Amino acid sequence: MNHRNTQYASFAVGILLIIGCLAVLSPFVGTLLLAIVICITIWPVHSRLLRWCRERRTLAALLSSLLLILFLLLPMLLFSGSLAGSVEAFIQYVRPFFDGGVPKEAPSWLANLPLVGSEIAAYWHKLVANREELNKLLGQAYEPVSKVLLSALGIFFQGMLQLVLVIFFTFFLLRDGDTYASALRVAMHKLAGDLGDHMLKLAQGTVTGVMVGIVGTAAAQSLVGMVGYLIAGVPAVLILTFATFLFSLVPVIGATLIWGGAAIWLYQQGEPGWAIFMVLWGALAISSVDNFVKPILISRTASLPLLLIIVGVFGGVLVFGFIGLFLGPVLLALGQMLLRDWLFNTAPVLEQRS
């Protein structure tokens, strides 16, 4: 009886210890998962650095972390300053429309748009026919719109802080990656035998495939966008290129916000020809890259439907913040692949029992 009570007490202490550990780690779950995803993705590059460093793990992990800072964190720092200034300038630009009301005449740049300018101007006159009611609605909408823009800016800066923490975690995961991987393989083998080993390989392939597909497509779109910006003579090409990369991670809308904004800027500068070129280049070159590059990259290791990518991106952002752009699709893809593999492996067993 005493032995059984001792077992119960040990079990209760173990459960409480697990709950306590989970409570301590809960604020960092998303960040830690993204660090694991990044480690799996860049592990081939890190392995080469490890050989060049003559198996000095700390030095190799430090170099890999510095590369992440160089290619991820520094461009985000440069882009953040430009983004904050752009949001502030946009709020100041639209504030007169909210405070003073809609003008009777449409802006000249809008009315002079080719093909559709006259129709927009006519519709503008219909809208301002009841200016008093419309101005009242605009006055009420100014504060919510500005809050939404500032909230989006806050999410971006929060993502930067999360990225710093991700790189910090990545350093230790890379340094001791072999130890963690060995422990995980042993644990999975004890829990599920050969199936656990297979699931680990499947998870690694899925994570790599999704990350290569999403990030590779965004990189391709940003490079194509950079060529278009250089041809059209748009300023701040490097910042726009990095912005195209970031927004290309978001499906459906994606890079349209960037090259569309560049086209509007060109038209406002009195360059309608280059504005039309930018629209055509964006629609036919930048945005179309997603249609054939992403399926090719993802299909090599993991088949992921577009719907799953969309849900993963937006759901990941809502749950994990900015890092959910990467983490959401990976988690959903991994869940899909594990479920599909489990159903496939258990189907013969079910048929034998029937």
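Residues numbered from 1 in each chain as written. Predicted model: local features only at pLDDT ≥ 70, side-chain atom pairs only at ≥ 80, totals over all residues. Heavy atoms only, no water.

> Run through the overall build of the protein chain, naming residues and quoting values.
Along the backbone of the protein chain there are 13 helices and zero strands. From first element to last, N terminus to C terminus, the protein chain shows the α and β order α-α-α-α-α-α-α-α-α-α-α-α-α. Looking at the protein chain residue by residue over its 354 residues, the buried ones come to 35%. Put simply, of all contacts in the protein chain between residues at least 6 apart along the chain, 71% involve residues at least 24 apart. Accessible area for the protein chain stands at about 21,000 Å²; split by element, carbon and sulfur atoms hold 71% of it. (Helix = DSSP H or I, 4+ residues; strand = E, 2+ residues; numbered from the N terminus. Buried < 20%, exposed > 50% of the residue type's maximum accessible area, 1.4 Å probe, protein only. Contact = heavy atoms within 4.5 Å. Areas by Shrake-Rupley, 256 points an atom, 1.4 Å probe, with all protein chains shown as cover.)

> Outline the layout of surface pockets, supporting the account with residue identities and numerical values.
Size it by volume and the second largest pocket reaches roughly 920 Å³. In terms of lining, the second largest pocket is formed by 26 residues, of which the most central are Ile36, Ile40, Ala181, Leu184 and Leu200. Secondary structure elements with two or more residues in the lining of the second largest pocket: helix H2 (29–52), helix H7 (177–192), helix H8 (194–232) and helix H13 (324–353). Split by residue class, the lining of the second largest pocket holds 20 nonpolar, two polar and four charged. (1 Å grid on protein atoms, 1.4 Å probe; cavity = no way out; pocket = protein on both sides within 12 Å on 5 of 7 lines; lining within 4 Å. Points joined across faces, edges and corners; volume = space filled by probe spheres on them. Nonpolar A, V, L, I, M, F, W, Y, C, P; charged D, E, K, R; others polar.)

> An account of the environment of Phe247 is requested, with residue identities and associated values reported.
Relative to the helices and strands, Phe247 is located in helix H9 (residues 237–248). Considering only alpha carbons, one finds Phe247 and Ala218, 29 residues apart in sequence, at a separation of 8.0 Å.

> Break down the environment of Leu280 for me, with residues and values.
Structurally, Leu280 is set in helix H11 (residues 272–299). By relative accessible area, Leu280 is classed as partly exposed at 47%. Expressed as a C-alpha distance, the spacing of Leu280 and Ala263, which sit 17 residues apart in the sequence, is 9.7 Å.

> Mind laying out the pattern of salt bridges, listing which residues take part and the relevant values?
The full count for this structure, using the stated rule, is two salt bridges. With its nearest N and O atoms 2.8 Å apart, the salt bridge here joins Arg57 to Asp178. Here the residue Arg57 occupies a position in helix H3 (residues 57–100), and Asp178 occupies one in helix H7, the gap between them amounting to 121 residues. According to the relative accessible area criterion, Arg57 is partly exposed, its value standing at 35%. Accessibility expressed as a relative area gives 35% for Asp178, which makes it partly exposed. Here Asp176 ties to Arg175 by a salt bridge, and the two come within 3.2 Å at their closest N and O atoms. Classification of Asp176 by relative accessible area gives partly exposed; the value is 23%. (Salt bridge = Lys/Arg side-chain N within 4 Å of Asp/Glu carboxyl O.)

> Which residues make up H9, and what are the values?
Each turn of an α-helix holds 3.6 residues, which means side chains three or four residues apart point in the same direction. When the terminal C-alpha atoms of H9 are compared, their 16 Å separation across 12 residues agrees well with the 16 Å that a helix rising 1.5 Å per residue should span. Most of H9 sits inside the fold, with nine of its 12 residues counted as buried. (Expected span 1.5 Å × (residues − 1).)

> With reference to specific residues and values, describe the packing of aromatic side chains.
The full count for this structure, using the stated rule, is seven aromatic pairs. An angle of 50° between the planes, with centres 6.0 Å apart, marks the rings of Phe168 and Phe169 as tilted. The class for Phe169 is buried, based on a relative accessible area of 18%. Each residue in the set Phe28, Phe168, Phe169, Phe171 and Phe172 is aromatic and connected to the rest through ring pairs, giving one cluster. (Phe/Tyr/Trp six-rings, centres within 6.5 Å; stacked < 30°, edge-to-face > 60°.)

> Let's hear about helix H10 (residues 256–268): which residues, and what values?
In this model H10 runs 18 Å from its N-terminal to its C-terminal C-alpha over 13 residues, within 8% of the 18 Å that 1.5 Å per residue would give. Within the sequence span of H10, burial applies to Ile258, Trp259, Gly260, Ala262, Ala263, Leu266 and Tyr267. Of the residues flanking the end of H10, it is Gly270, one or two places downstream, whose phi is positive at about 80°.

> How would you explain the side chain of Ser65 if you had to name every residue and give the values?
Among the structural elements, Ser65 can be located in helix H3. Judged by relative accessible area, which is 6%, Ser65 ranks as buried. Setting aside its immediate chain neighbours within four residues, Ser65 contacts Ile167 and Phe171.

> Report on the nonpolar core, specifying residues and quantitative values.
Soluble globular proteins tend to pack their nonpolar side chains together in the buried interior. If you look at the biggest cluster of nonpolar residues, it comprises 31 residues, and the most contacted ones within it are Val37, Ile38, Met211 and Val330. Those elements giving two or more residues to this core turn out to be H2, H3, helix H6 (131–175), H8, H9 and H13. Take this core: its biggest share by element is eight residues, from H6. Once residues lying within four places of it in the same chain are set aside, the contact partners of Val37 are Val207, Met211, Leu327 and Val330. (Core = buried A, V, L, I, M, F, W, Y, C linked by side-chain atoms within 4.5 Å.)

> Residues and numbers for the confidence of the model for the protein chain, please.
Chain-level pLDDT for the protein chain is 75 on average; 70% of the residues reach the 70-or-more range. Looking across the protein chain, the model is least confident in H13, with a mean pLDDT of 66, and most confident in H2, with 86. Counting interchain partners and residues more than four positions distant, the pLDDT-below-50 stretch residues 347–354 has zero contacts. (pLDDT = per-residue confidence, 0-100.)

> Give a detailed account of a nonpolar patch on the surface, specifying residues and quantitative values.
A cluster of nonpolar side chains, namely Phe11, Ile15, Leu16, Ile18, Ile19 and Leu22, defines an oily patch on the protein surface of about 640 Å² accessible area. Looking at where Ile19 falls in the secondary structure, it is placed in helix H1 (residues 2–25). (Patch = residues over 30% accessible without salt bridge, like charges linked within 9 Å, V, L, I, M, F, W, Y side chains within 5 Å.)

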